[in-house]
Amino acid sequence: MKIDSISLRPQFLLLVLIVTILHRVSSDSVSALCELSFEDKNKVYYYSLASPVRNFPHGILSEDGFYKVAANGTVLWFQLCGSMIFNHDPPICVDCKDCGGPSRCGMGCSALVSNQIEGYPICTALGQPSGTLMDVRDKKSPHTGIIVKMTNIGPKHNCSLSVSVICNSNGVQGPQTLETVGFCDYNTELKHPLGCAKIISSKGNGFGFGTFMVIILCLFGGYLLAGAVYRYFFLHIRGIDVIPNLEFWASLPHRLQSLYHSLVRRFRGPSQSYRSSYSPVNF
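Residues numbered from 1 in each chain as written. Predicted model: local features only at pLDDT ≥ 70, side-chain atom pairs only at ≥ 80, totals over all residues. Heavy atoms only, no water.

Secondary structure assignment for the protein chain yields three helices and twelve strands. Sequence-distant contacts, at least 24 apart, represent 49% of the contacts inside the protein chain between residues at least 6 apart. Counting every atom, the protein chain has about 19,400 Å² of accessible surface; 59% of that belongs to carbon and sulfur. (Helix = DSSP H or I, 4+ residues; strand = E, 2+ residues; numbered from the N terminus. Contact = heavy atoms within 4.5 Å. Areas by Shrake-Rupley, 256 points an atom, 1.4 Å probe, with all protein chains shown as cover.)

What follows is the structure, encoded as structure tokens:
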């Protein structure tokens, strides 16, 4: 039993690593959908709607699982930075095949609208998380907020929902208005602190040498860690020899020293202790 447990240990660790990476990639992909950087003159405006802030640990995501707005018999549900979740008050639709189906209506898309047609609530999916785009509301005043546009490609029509996230550092105000701008294109707006940009650069330098060095060091550390794990568990190497390419790293200081002396000799010219054959000689 002990031998079996030891032989299974590398496979178990590898499985845990794969699951962790997949979870991290999934989380990063959702966050990436709700991130935007906009450069204006000497400033870079950065928006991250999925980032937790004070009083809003889930970022701009509604804690109810959805936002809801209604006007003139039309009811619209949506969620930013992800799919909707209905733990209460789910949509009641005649047809909901593009957004979860009749049994899970509203839980397969990021935006859904219901219109009364001949007395029946007919629902249409307006957006999918993968079809989310972001842009600033006003390029001349990027600090005022952003627009999140969700789209859904349907069998007959392409529908969309544009949500203006207006900067409001004092709190949140949910959607109050609903505007129809096409056959199945809608606009609404809400106010939220995450609609306010963070200025991450005011000198036009962007990501400079420091960030570059951090990236290089992280890549180097990942290389050493992955190589050591592989050599330890799969090649069964123990001791200091688990470090990949140990001979190269051990000889690196000497290589750098030789390179330094070579450059010094090249830029300083021949040594002063040797007299040129054309140097004048005083008798």
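Our focus in this paragraph is the sheet that holds strand E11 (residues 185-192). The five strands are arranged E7-E8-E9-E11-E10 in an open sheet whose pairing can be described as mixed. If you trace the sheet from one side to the other, it starts and ends with strand E7 (132-136) and strand E10 (179-180), each paired once. Across two bridges, the pairing between E10 and E11 is antiparallel. Its bridge partner lying in E11, Thr180 is registered against Tyr186. (Pairing = 2+ DSSP bridges.)

What follows deals with unusual backbone geometry. A positive phi angle is found at Asn55, which is not glycine, with a value near 75°. Note that Asn55 resides in the loop between strand E2 (43-48) and strand E3 (67-71). The class for Asn55 is exposed, based on a relative accessible area of 63%. Located in the positive-phi region is Asn245, a residue other than glycine, with phi close to 55°. Along the chain, Asn245 falls in the loop between helix H2 (209-233) and helix H3 (246-268). Judged by relative accessible area, Asn245 falls into the partly exposed class, the value being 45%. (Buried < 20%, exposed > 50% of the residue type's maximum accessible area, 1.4 Å probe, protein only.)

Attention now moves to the pattern of salt bridges. Evaluation of the coordinates by the stated rule reveals two salt bridges. Between Asp135 and Lys139 there is a salt bridge, and its shortest N-O distance comes to 3.4 Å. Classification of Asp135 by relative accessible area gives partly exposed; the value is 34%. (Salt bridge = Lys/Arg side-chain N within 4 Å of Asp/Glu carboxyl O.)

Within the largest apolar cluster, 30 residues are counted, with the highest numbers of intra-cluster contacts made by Phe78 and Leu80. Here this core takes four residues from strand E9 (residues 158-167), the largest share from any one element. In contact with Leu80, other than residues within four places in its own chain, are Ile60, Leu61, Val148, Met150, Val163, Val165 and Leu190. Within the second largest apolar cluster, twelve residues are counted, among which are Trp77, Cys96, Cys109 and Ala125. (Core = buried A, V, L, I, M, F, W, Y, C linked by side-chain atoms within 4.5 Å.)

On to the sheet that holds strand E4 (residues 74-78). Here we have four strands laid out as an open sheet, ordered E3-E4-E5-E6, and antiparallel in their pairing. In this open sheet, the two edge strands, each paired with only one partner strand, are E3 and strand E6 (120-127). Between one strand axis and the next, the sheet turns through 20° on average, direction left out of account. Of the pairings in the sheet, the one linking E4 to strand E5 (residues 111-117) comprises four bridges and is antiparallel in character. Bridged to Phe78 within E5 is Ala111. (Axes fitted to C-alpha atoms, helices over the stretch in contact; angles between N-to-C directions.)

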